[in-house]
Amino acid sequence: MRMRKIRNAVLLASVAAATSLLSVGAGAQSPGVMYHRTFYSDATLTVQVGWYIDRCANGRVVAAPVHGTTSPYYTLEAVGSCPGGYW
C-alpha cells in the first residue's frame, strides 16, 4: 500500500512538471523571426503608446529602438526573418 502511494506521488509530480514546461514554451517566439510589436496602455488594446520592429544584424534578430513607450500589453505581427529563421 505504501509503495502504491509513493508511485502515485511520483507520477503526479511528473505530470505537473511536464505540464508546467509545456505552458512555459507556449508563449515562446520562433528564433529568427522578426516581429512588429505594438504596445498599448492597458489590456483592452485600444490606446497605442509605442511600437518597434525587430531588425536583422549579423544573422540574429535584434530589437530596434522603441518609438513611444513600452508596456506589458502588446501585439506581435511577424514581418520577416533573418537567415536561418523559420520563415
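Residues numbered from 1 in each chain as written. Predicted model: local features only at pLDDT ≥ 70, side-chain atom pairs only at ≥ 80, totals over all residues. Heavy atoms only, no water.

Moving on: the packing of aromatic side chains. According to the stated counting rule, one finds two aromatic pairs in the structure shown. Seen in terms of ring centroids, F39 and Y52 are 6.0 Å apart; in terms of plane orientation they differ by 40°. Their pairing is tilted. Of this pair, F39 sits in strand β1 (residues 33-40) while Y52 sits in strand β2 (residues 48-53), and the two are 13 residues apart along the sequence. F39 sits in the buried class, given a relative accessible area of 5%. (Phe/Tyr/Trp six-rings, centres within 6.5 Å; stacked < 30°, edge-to-face > 60°. Helix = DSSP H or I, 4+ residues; strand = E, 2+ residues; numbered from the N terminus. Buried < 20%, exposed > 50% of the residue type's maximum accessible area, 1.4 Å probe, protein only.)

Here the focus is the state of the cysteines. Under the definition given, this model contains one disulfide. In this model, C56 is linked to C82 through a disulfide, with the two sulfur atoms separated by 2.2 Å. Of this pair, C56 sits in strand β3 (residues 55-57) while C82 sits in the segment after β6 (73-81); the two residues are 26 residues apart in sequence, bridging distant segments of the chain. (Disulfide = S-S within 2.5 Å.)

Turning to its location among the elements, E77 is positioned in strand β6. Considering only alpha carbons, one finds E77 and Y35, 42 residues apart in sequence, at a separation of 5.3 Å. If we skip the residues at most four places from it in the chain, E77 touches M34, Y35 and H36. (Contact = heavy atoms within 4.5 Å.)

This paragraph deals with the sheet that holds β2. Taken together, the four strands give an open sheet; going across it, the order is β5-β2-β1-β6, and neighbouring strands pair in antiparallel fashion. Edge strands, defined here as strands with exactly one partner in the open sheet, are β5 (67-68) and β6. Of the strand pairs in this sheet, β1 and β2 are connected by five bridges, and their pairing is antiparallel. Across the sheet, T38 pairs through a bridge with W51, a residue of β2. (Pairing = 2+ DSSP bridges.)

Treat this as a map of the structure, not an account of what it does.
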